[in-house]
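What follows is the residue order along each chain.
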Amino acid sequence: MNLNKSNVILINGETDEQKVSAVRQLAAKPMKGKMRRHVCLQVSSQQLLRQLQTQDMGEGIAERLELHPYSFEELWAQKLFVSLPRRRVVASPLDWRPICIDSNYRVHLVVFGMNAMTEALVRQACLVCHYPNYLRDANLKTRITIIDSSIKEDDNLLLRRYRTLFDYCNWSYVDKYGCEKSHKPECGYLGGEFTDVEFRFVAAESSNTVVRVMMAEFARNANELVTIVYDGDDGEANWDMATGLPAEYYMEGCDIPIYVRMKSTMMLGSPTLMPQYRNIKPFGMDDCEYDLSLPLTQMAMGV
């Protein structure tokens, strides 16, 4: 293959290690002219993705290649939360009722799960959920609630990888009995007003009474624009939970979007035709065709 005729190169491989090795081999090949090759690199590890987006690989690679790392989870997170041309997933923005400086409501993202998709969704939400009314009222922070039985108070995926973020924002931990413990910013900058996002970690199953009461309260809260995401690895279980929410979510006039991660489009069945489930939308399907050529050079760059 004549690589000098290729403007964009997509790196494939069985493992992340093989893909990174291929990038190094490509950088060592002679190239025509001084134009850097665009290399699109899909990785599985969110930690590796973050490293590639924020650190130089060394060995003069940046001088020869323009690397665009991305992950399957990141593409789907951006499909849900970012408006892009030719986007094939119809998703409502997190501020599905536009927020202006005088608005008295805020965005509230609720995610069921704690995995790579959760990390991608939360990261993307933290990038886009900044609204002007916070400048008027510092209490109108974007709220992100993460619900999963595996969550521990001082040890979870997000706390470990984004410790600096949590040192500067308010977050709380709720156990399965409903006892909540708040954590104020350790740095104490402006009393926790340095960031306009706050977090709540809930260590419980979706069927837990505390969680169900909490979800019913979210649906009734007129001051929050709620979005719900079920991103567990079991698509059927995700669908069952999405169709088993408190009745408020299925009433006429409720516009709260509910996204359900599914492995395959073949799992979509008759529930999608029922009017009460009109706000439930699937995402994350492995067999759902999406345009790689668009996001690789525009979406996958690190921030």
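Coordinates for the structure precede this section.
These lines cover the structure that appears in this document, whether it is placed above or below.

### A closer look at the pairing of strand β9 (residues 224-230)
Right, so step 1: Among the 7 residues of β9, 7 are classified as buried, and the element is accordingly described as predominantly covered.
Right, so step 2: With burial as the criterion, each face of β9 is covered, one bearing Glu224, Val226, Ile228 and Tyr230 and the other bearing Leu225, Thr227 and Val229.
Right, so step 3: Here 7 bridges tie strand β4 (residues 106-112) to β9, and the two strands are oriented parallel to one another. Looking across to β9, one finds that His108 is bridged to Val226.
Right, so step 4: One ladder, built from 3 bridges, connects β9 with strand β10 (residues 258-261); its direction is parallel. Within the sheet, the bridge partner assigned to Val229 lies in β10 and is Tyr259.

### Some thoughts on the side chain of His108
Right, so step 1: Note that His108 resides in strand β4.
Right, so step 2: For His108, a relative accessible area of 0% puts it in the buried group.
Right, so step 3: A distance of 2.7 Å separates a polar atom in the side chain of His108 from a polar atom in the side chain of Thr145.
Right, so step 4: At 2.7 Å, the side chain of His108 and the side chain of Glu224 are in polar contact.
Right, so step 5: Filtering out sequence-adjacent residues up to four positions away, His108 remains in contact with Arg143, Thr145, Phe218, Glu224, Leu225, Val226 and Thr227.

### Some details on the pairing of strand β7 (residues 180-183)
The two faces of the sheet receive side chains in turn, since in a regular strand these alternate between them.
Right, so step 1: Pairing of strand β6 (residues 171-174) with β7 involves 4 bridges; the strand directions are antiparallel. If you follow Trp171 over to β7, its bridge partner there is His183.

### Quick notes on the sheet that holds strand β11 (residues 280-283)
Right, so step 1: Strand order in the open sheet formed by 8 strands is β7-β6-β8-β5-β4-β9-β10-β11, and the pairing between neighbours is mixed. This sheet does not close on itself; its edge strands, each paired only once, are β7 and β11. Within the sheet, the average angular offset between the axes of one strand and its neighbour, ignoring direction, is 20 degrees.
Right, so step 2: Each of β4, β5 (142-147), β6, β8 (197-202) and β9 touches helix α9 (residues 209-220); the most contacted strand, β4, lies at about 150 degrees to it.

Criteria and cut-off values
- The residue count restarts for each chain, going from 1 along the sequence in the order it is written.
- Given that the model is predicted, a residue must reach a pLDDT of at least 70 before its local features are reported, and side-chain atom pairs must reach 80 or more before they are shown or counted; all residues, however, enter totals for whole chains, interfaces and linings.
- As a convention, hydrogens and water are excluded, and side-chain values are obtained from all of the structure's heavy atoms.
- When accessible area is computed with a 1.4 Å probe and restricted to protein chains, residues below 20% of their type maximum are described as buried, those above 50% as exposed, and intermediate ones as partly exposed.
- Secondary structure follows DSSP: runs of H or I at least 4 residues long count as helices, runs of E at least 2 residues long count as strands, and numbering of each begins at the N terminus.
- Think of it this way: DSSP has to see at least two bridges between two strands before they count as a pair.
- Pairing of N or O atoms within 3.5 Å defines a polar contact, subject to two protein rules: one partner must be a possible hydrogen donor and the other a possible acceptor, and residues neighboring in sequence count only if both atoms are side-chain atoms.
- Any pair of residues with heavy atoms lying within 4.5 Å of one another is described as a contacting pair.
- All axes here are fitted lines through C-alpha atoms, helices being fitted over the stretch that makes contact, and every angle between N-to-C directions spans 0 to 180 degrees.

Remember that the coordinates give geometry; whether it matters functionally is a separate question.
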